[in-house]
Amino acid sequence: QVQLVESGGGLVQAGGSLRLSCAASGRTFSRYAMGWFRQAPGKEREFVAAISWSGGTTYYADSVKGRFTISRDNAKNTLYLQMNSLKPEDTAVYYCAADPSGLYRDYDYWGQGTQVTVSS
């Protein structure tokens, strides 16, 4: 079991940056693939980025590629999402999730989410 708590969201102007963090409890964090997802009002939740247990492999949605960077610090049990060049369409609740299978499809554990609002 792992519990996830996101932080770092807020209000930012278009073109600005934010860094989200996801603190994980438990000793198994370093064995899990991790991902970031987001859900905008009236839309379905969508994939943003994922990272392997070691941090050596990353994946991004086309909409954020080149602007967002996912990373992790297994010693600190923390996942990060650095978001640069933010756009109004990035406005959403952002969730981190843990995938024990490592296959980037079985995200069994989710945080409560953090709101990101990008003003134009």
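Our structure is the block above this text.
Residues numbered from 1 in each chain as written. Predicted model: local features only at pLDDT ≥ 70, side-chain atom pairs only at ≥ 80, totals over all residues. Heavy atoms only, no water.

Chemist: Summarise the pattern of salt bridges; cite the residues concerned and give the values.
Modeler: When the charged atoms of two side chains with opposite charge come close together, those side chains can pair. Scanning all chains against the criterion turns up five salt bridges. Residue Arg38 pairs with Asp90 through a salt bridge whose shortest N-O separation is 2.9 Å. In this pair, Arg38 sits in strand β4 (residues 33–39) while Asp90 sits in the loop between β8 (78–83) and β9 (92–99), placing the two residues 52 residues apart along the sequence. Judged by its relative accessible area of 1%, Asp90 is buried. Through salt bridges with shared partners, one network takes in Arg38, Glu46, Arg67 and Asp90. (Salt bridge = Lys/Arg side-chain N within 4 Å of Asp/Glu carboxyl O. Helix = DSSP H or I, 4+ residues; strand = E, 2+ residues; numbered from the N terminus. Buried < 20%, exposed > 50% of the residue type's maximum accessible area, 1.4 Å probe, protein only.)

Chemist: How would you summarise the state of the cysteines if you had to cite specific residues and measurements?
Modeler: Under the counting rule described, the total for this entry stands at one disulfide. Cys22 shares a disulfide with Cys96; S-S distance 2.0 Å. Because the sign of the S-S torsion sets the handedness, a value of about 55° for the bond joining Cys22 and Cys96 places this disulfide among the right-handed ones. Note that Cys22 is positioned in strand β3 (residues 18–24) and Cys96 in strand β9, a separation of 74 residues in sequence. The burial state of Cys22 is the same as that of Cys96; both residues are buried. (Disulfide = S-S within 2.5 Å.)

Chemist: Outline the sheet that holds strand β1 (residues 4–7), listing residues and values.
Modeler: One open sheet accounts for four strands, arranged β1-β3-β8-β7; its pairing is antiparallel. Two strands close off the open sheet at either side, each with one partner strand: β1 and β7 (68–73). Strand after strand, the sheet turns through a mean of 15° between neighbouring axes, direction not considered. One ladder, built from four bridges, connects β1 with β3; its direction is antiparallel. When the sheet's bridge partners are listed, Ser7 is paired in β3 with Ser21. (Pairing = 2+ DSSP bridges. Axes fitted to C-alpha atoms, helices over the stretch in contact; angles between N-to-C directions.)

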